[in-house]
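One letter stands for each residue in the lines below.
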Amino acid sequence: MTTATHEETLGFQTEVKQLLHLMINSLYSNREIFLRELVSNAADACDKLRYEALDNDAIFEGDSELRIEIEHDQQAGTITLRDNGIGMNRDEVIENLGTIARSGTSEFLKQLSGEQQKDAKLIGQFGVGFYSGFIVADDVTVRTRKAGTDHSEGVEWRSQGEGEFSVADVELERHGTEIILHLKEDAKDFADDFRIQNLVRKYSDHIDVPVRMPKTENARDDEGNEIEGSEVTTWETVNEATALWVRPKTDIEDEEYKAFYKHVAHDFSDPLTWSHNKVEGKLEYTSLLYVPGRAPFDLYERDGARGVKLYVQRVFIMDDAEQFLPLYLRFIKGVLDTRDLSLNVSRELLQQDPQVDKIKSALTKRSLDMLKKLAKDDEAYQTFWNTFGSVLKEGPAEDHANREKIAGLLRFSTTHTDSATQDQSLADYIGRMKEGQEKIYYIVADGFNATKSSPHLEIFRKKGVEVLLLHDRIDEWLMSHLTEFEGKSFVDVAKGDLDLGEVEDEDEKKAQEETAKAKEDLVKRVQDALGGDVQEVRVTHRLTDSPACVVLPEHEMGYQMRRIMEAAGQPMPEVKPILELNPEHALVTRLEGAEGEGFGDLARILLDQAVIAEGGHLDDPAAYVKRLNTLLSA
Ligand code: ADP
Ligand code: MG
């Protein structure tokens, strides 16, 4: 029975009129969002009733199976959404569906200009909500009754979206809200079974209230044959109807987490680990983040898919919201559900929203903590590292604030194991440091073997001082952004003067100075012979087996980085190395005794060999071979 009484016509608040006008004009290309907004409101209403019912079961009126129903009538051109949620009384209807209560509304509307494009973006800062029905409908009827009130307390609200609306008291048997959209001529195609189903799945799959649509079929007889003209209607749930991440952690099985991962990440294998967190307070969000067990094909592609699936209050907003995680964590998959953003937020708006940055730094922290936890499982962490290690190595450059944390998660090859597998942490290294050692030593080269056999390591091996062996393409760049870890600075053993600090005793240092003095003459002769090809010549104590090595000045770009820059088409200025001679070596002794052309050739052979050992290329390799052959046949 819907005899309307106490009918009145009221005007919309000015802001509502502005908003309606703007929305109808600027959201034309995105009309389907009306369904998302109305389903979202219906789900909220169910949430509210569920909450009220916690201490007053009677409020369900015997109908505690919360649900949303969507019906349509193609001929009439209508879509009807029905929920058995909390409903509204007359005052609430007037307040909620006639004004915009949210704070900041009028300031927002003041910013709006006539330019439609700009407005379309601005509108995203602001939930368009219930009024979005008017994007597709030119007549909206709402029938609602607050749960737990008398049947006579129903309200009917109606509007054409043009400045005014009417409200009347009606008798309603069901509590909750029913919204009837009379579709505009050009929006009638929304009244389609398949289309509605698709939109519900797209936007509302993980709303934890079932969204049902009627299915009409002929009844069947005992043998299963259809009975002509005997239509019966059953309700089919079209959405998944469970938002996994809103359930308490303790109720969720590992298998459920894994199944959900596969759905979110479009991956068929299990994740390595996950982290599920609910945060309340200044920021309000739930995140469920996963570390995949394998790399996607587009991990290193500039516009590869990355980021989390974004939900606002359980309503799906977008896939691949990349604004919530830094680039170096682009392998992380999962879901972010927040109350701090508007349902209509767009990618462009995410870039400007200050809340986004706050959530981003929170999720970054969560991800790093999750990895730290994963690192307790050596085998799983090694899988992670082999798969994503070189992506994580981008971290120190991108995220200065978390440099130390990221450094703790890095894994290296070192002279301790002499293994190409990167499986040693900086903490492992520090735990093995020699007494008096203050620095973390490393060497960078292309390829593991080039690092392992570098002449620069000779003194370190002799003294038993561990050196990190960096052999990834990205390593030199990584080290240019890592200056220290736990207060210990990093030192490239192939650059600058060698200072082993306390590891060397006073006697050794004194002996070195004396040798340097004794060899001053040799050094000068070599320098003259090599002319401008070296920056400096000096004697060294870093070598035990090799006669010579080349060293770069401390702040010079290393060979690896130079090659990367050159490959990228960036011409690099020539760099002149420092040649260091091992005074103990037989070839150096021989050099000292040589004269004239023989001296010059031998000096050049030592330089060329040192460059080759460094993985460098000779300008004139044939000349080197010739000199060497002359020497060999002498
Ligand atoms: P928001 O959802 O962001 O609050 P809306 O414009 O979507 O804004 O809705 C305005 C208000 O109208 C809601 O906050 C709610 O109080 C009320 N409302 C809308 N739809 C329903 C519904 N189906 N059942 C109960 N209340 C509703
Ligand atoms: Mg809403």
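Residues numbered from 1 in each chain as written. Chains lettered and ligands numbered in written order. Predicted model: local features only at pLDDT ≥ 70, side-chain atom pairs only at ≥ 80, totals over all residues. Heavy atoms only, no water.

Strands sit in the order β10-β11-β14-β12-β13 across an open sheet of 5 strands; the sheet is mixed. The two strands at the open ends of the sheet, each matched to only one other strand, are β10 (273-279) and β13 (315-321). Going across the sheet, the axis of each strand differs from the next one's by a mean of 15 degrees, ignoring polarity. Judged from the 4 bridges that link them, strand β12 (residues 308-312) and strand β14 (residues 333-338) form a sheet pairing that is parallel. (Pairing = 2+ DSSP bridges. Helix = DSSP H or I, 4+ residues; strand = E, 2+ residues; numbered from the N terminus. Axes fitted to C-alpha atoms, helices over the stretch in contact; angles between N-to-C directions.)

Right, let's get into the site of ligand 1. In the vicinity of ligand 1 lie 12 residues, with Asn 41, Asp 83, Asn 96, Gly 129 and Phe 130 positioned nearest. At 2.9 Å from an oxygen atom of ligand 1 is found a main-chain nitrogen or oxygen belonging to Phe 130. The side chain of Thr 177 places a nitrogen or oxygen atom 3.2 Å from a nitrogen atom of ligand 1. When residues in the shell around ligand 1 are grouped by element, the largest group, 4 residues, is from helix α2 (residues 33-53). Of the residues in the shell around ligand 1, the class split is 5 nonpolar, 4 polar and 3 charged. (Near = heavy atom within 4 Å. Polar contact = N/O pair within 3.5 Å; in protein donor to acceptor, adjacent residues only side chain to side chain. Nonpolar A, V, L, I, M, F, W, Y, C, P; charged D, E, K, R; others polar.)

What follows concerns a negative patch on the surface. A cluster of acidic residues, Glu 438, Asp 499, Glu 502, Asp 505, Glu 506 and Asp 507, forms a negative patch at the surface. The residue Asp 507 is located in helix α18 (residues 506-518) in this model. For Asp 507, a relative accessible area of 62% corresponds to the exposed category. (Patch = residues over 30% accessible without salt bridge, like charges linked within 9 Å, V, L, I, M, F, W, Y side chains within 5 Å. Areas by Shrake-Rupley, 256 points an atom, 1.4 Å probe, with all protein chains shown as cover. Salt bridge = Lys/Arg side-chain N within 4 Å of Asp/Glu carboxyl O. Lys, Arg positive; Asp, Glu negative; His and termini not counted. Charge placed at Lys NZ, Arg CZ, Asp CG, Glu CD. Buried < 20%, exposed > 50% of the residue type's maximum accessible area, 1.4 Å probe, protein only.)

Between α2 and helix α7 (residues 193-204), the shortest axis-to-axis distance is 10 Å and the interhelical angle comes to 65 degrees. The way α2 lies across α7 gives a crossing that is right-handed. Between α2 and α7, the contacting residues are Leu 35, Arg 36 and Val 39 on the first element and Ile 196, Leu 199, Val 200, Tyr 203 and Ser 204 on the second. For the contact of α2 with α7, the per-class residue count stands at 6 nonpolar, 1 polar and 1 charged. (Left-handed = near helix turned anticlockwise from the far one by under 90°. Contact = heavy atoms within 4.5 Å.)

Moving on, we get to helix α19 (residues 520-530). When we look at burial in α19, the residues that qualify are Leu 522, Val 523, Val 526 and Leu 530. The buried residues of α19 occupy one face: seen down the axis, they fall within an arc of 100 degrees. Residues of α19 that are exposed and point over 90 degrees away from its buried face: Glu 520, Asp 521 and Asp 528. Looking at the buried residues of α19, the elements they touch are β20 (536-539), β22 (578-581), α21 (586-593) and α22 (596-613). Positive phi shows up at Gly 531, right after α19, with a value of about 55 degrees. (Arc of directions from axis to C-beta.)

A few words on a positive patch on the surface. A cluster of basic side chains, namely Lys 249, Lys 372, Lys 373, Lys 376 and Lys 405, defines a positive patch on the protein surface. Within the secondary structure, Lys 372 is located in helix α10 (residues 354-374). Relative accessible area serves as the criterion here: at 58%, Lys 372 is assigned to the exposed category.

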